[in-house]
Protein chains: 2
Amino acid sequence: MARAHDRRVARTQSALQEALFGLIQVKRYDKVTVQDIIDRANVGRSTFYAHFDTKDDLLLSSLERLTADIDRFLEEESGLEGPVLPVRGLFHHVAEQQPVFRALFGTSGIDLVTRAARDMLAERALHTIREREAAGIRHPVDAETRAAFLAGSLMTFVGWWLDAGFPMGPDGAAHTFAALVAAA
Amino acid sequence: MARAHDRRVARTQSALQEALFGLIQVKRYDKVTVQDIIDRANVGRSTFYAHFDTKDDLLLSSLERLTADIDRFLEEESGLEGPVLPVRGLFHHVAEQQPVFRALFGTSGIDLVTRAARDMLAERALHTIREREAAGIRHPVDAETRAAFLAGSLMTFVGWWLDAGFPMGPDGAAHTFAALVAAA
DNA sequence: TTCACTACCGAACACGTTGTTCGGTTGTCG
DNA sequence: CGACAACCGAACAACGTGTTCGGTAGTGAA
């Protein structure tokens, strides 16, 4: 690793991070090669490895500034009265930094799976919502958005349930999920 | 591509799919090589490429059976009365097929990013929830679960917002999100 | 400005992975 | 049984990785 006092270090690391972000917007992260990165950044091969162990290392190092920003926005709006997650500032920030965030949420490897599953769930939810609309049941948020939210939240919730090591049984999970999305 | 009438074809494809699922449970998807897969499946190199163009192709082909199962469960429970997404059967199914689903939701590439961001959001949400609990505000779902849900749902929602090409402004997005998670 | 330092370069390296080809072998279906 | 197709496995070029090393040039401190 390198010292922080040297301009060359800052220049090189910035160039590499920006090159990575630029490439991520064009192709899948796991298809981006170190070669691509150093070509785009105009940095020598050995120099890359002098700063970062791997491609993942570079990605994670770029992350710190990003999360620090987000944390600051949440901090500013935080209070006892508003929502648990005060997100106005965050959404504005994402809108301004659109390309970067779009890149970070882009398809990457196994994401194909969760994405496909999510789309399938959303389609089904949308179908149900339309039926209810036809039956006169209304909701302030439009159908597509609700369907996407329900499907995405469910995927995320299942993922958490798995990661957390099954803190509750399937029925408990189903009930909990229902309670959390009751407003949707 | 190969004919479906031949037992050898079915055997080979199953072996490759199972090998991939097995490997995914041990290491990151994008670190699994075709070499790993054919070694584990005891299949010749050229045979792999006779069936699938790439590793992604194999993954996606394995997906069809999985989504078909899930779709069936949802179909069974579907009705005009219950929740928009009837998930009891799905949660049971995931619990039974635990290893496979755990693998599919496991860390993979750029997921490191969304995961890190999600954890940060969850921590903040948890902090707020605890404050409110101290102020006497109660909720039927426990704090950790709520925090994880809120953070995960937010990440998913932002991802959808980006993918969908900003169907609403930042303020609209923030309001919509707040409305959807009102019960959490 | 000088000077020691160190980041950078770039070529070369061994190594692993990819995707293809091809001749030979073995299993399968009719 | 016999024709056919799937499988094998070795070999291949092409590419990406991560490391090494001697030389160059920018940088911060005296």
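Since this is a predicted model, take the numbers as computed values, not measurements.

Draft legend 1. Here's a closer look at the protein's contact with DNA strand C. With respect to spatial proximity, 20 residues lie near DNA strand C, and among them Arg 8, Thr 12, Gly 44, Ser 46 and His 51 of chain A are the closest. Near the protein, meaning within 4 Å, the atoms of DNA strand C are sugar or phosphate in a fraction of 60%, with bases accounting for the rest. Contact distances for DNA strand C include 2.4 Å between a base oxygen and a side-chain N or O atom of Ser 46 of chain A. Arg 7 of chain B has a polar backbone atom sitting 3.3 Å from a phosphate oxygen of DNA strand C. Partitioned by chemical class, the residues of the surface near DNA strand C number 4 nonpolar, 10 polar and 6 charged.

Draft legend 2. Just helix H8 (residues 143-163) of chain B, in detail. Here H8 of chain B spans 30 Å end to end across 21 residues, near enough to the 30 Å set by a 1.5 Å rise per residue. Within two residues after H8 of chain B, Gly 165 of chain B carries a phi angle of roughly 75°, on the positive side.

Draft legend 3. Main features of unusual backbone geometry. A positive phi angle is found at Asn 42 of chain A, which is not glycine, with a value near 55°. Assignment of secondary structure puts Asn 42 of chain A in the loop between helix H2 (34-41) and helix H3 (45-51).

Draft legend 4. The arrangement of the nonpolar core in detail. In terms of nonpolar packing, the biggest core is built from 77 residues, with Leu 16, Ile 37 and Phe 91 of chain A together with Phe 91 of chain B touching the most fellow members. Counting 17 residues, the second-largest nonpolar core is a separate cluster that includes Leu 16, Ile 37, Phe 52 and Ala 103 of chain B.

Draft legend 5. Examining the protein's contact with DNA strand D more closely. In the vicinity of DNA strand D, 22 residues are found, and the nearest of them are Arg 8, Thr 12, Gly 44, Ser 46 and His 51 of chain B. Here the atoms of DNA strand D within 4 Å of the protein split so that 60% fall in sugar or phosphate, with bases taking the remainder. Here a phosphate oxygen of DNA strand D and a backbone polar atom of His 5 of chain A are 3.1 Å apart. At a separation of 2.9 Å, a phosphate oxygen of DNA strand D approaches a polar side-chain atom of Thr 47 of chain B. Those elements that place two or more of their residues in the surface near DNA strand D are helix H1 (7-24), H2 and H3 of chain A together with helix H1 (7-24) and helix H3 (45-51) of chain B. Among the residues forming the surface near DNA strand D, the class breakdown is 5 nonpolar, 10 polar and 7 charged.

Rules used in this analysis
- Residues numbered from 1 in each chain as written.
- Chains lettered and ligands numbered in written order.
- Predicted model: local features only at pLDDT ≥ 70, side-chain atom pairs only at ≥ 80, totals over all residues.
- Heavy atoms only, no water.
- Near = heavy atom within 4 Å.
- Polar contact = N/O pair within 3.5 Å; in protein donor to acceptor, adjacent residues only side chain to side chain.
- Nonpolar A, V, L, I, M, F, W, Y, C, P; charged D, E, K, R; others polar.
- Helix = DSSP H or I, 4+ residues; strand = E, 2+ residues; numbered from the N terminus.
- Expected span 1.5 Å × (residues − 1).
- Core = buried A, V, L, I, M, F, W, Y, C linked by side-chain atoms within 4.5 Å.
- Buried < 20%, exposed > 50% of the residue type's maximum accessible area, 1.4 Å probe, protein only.

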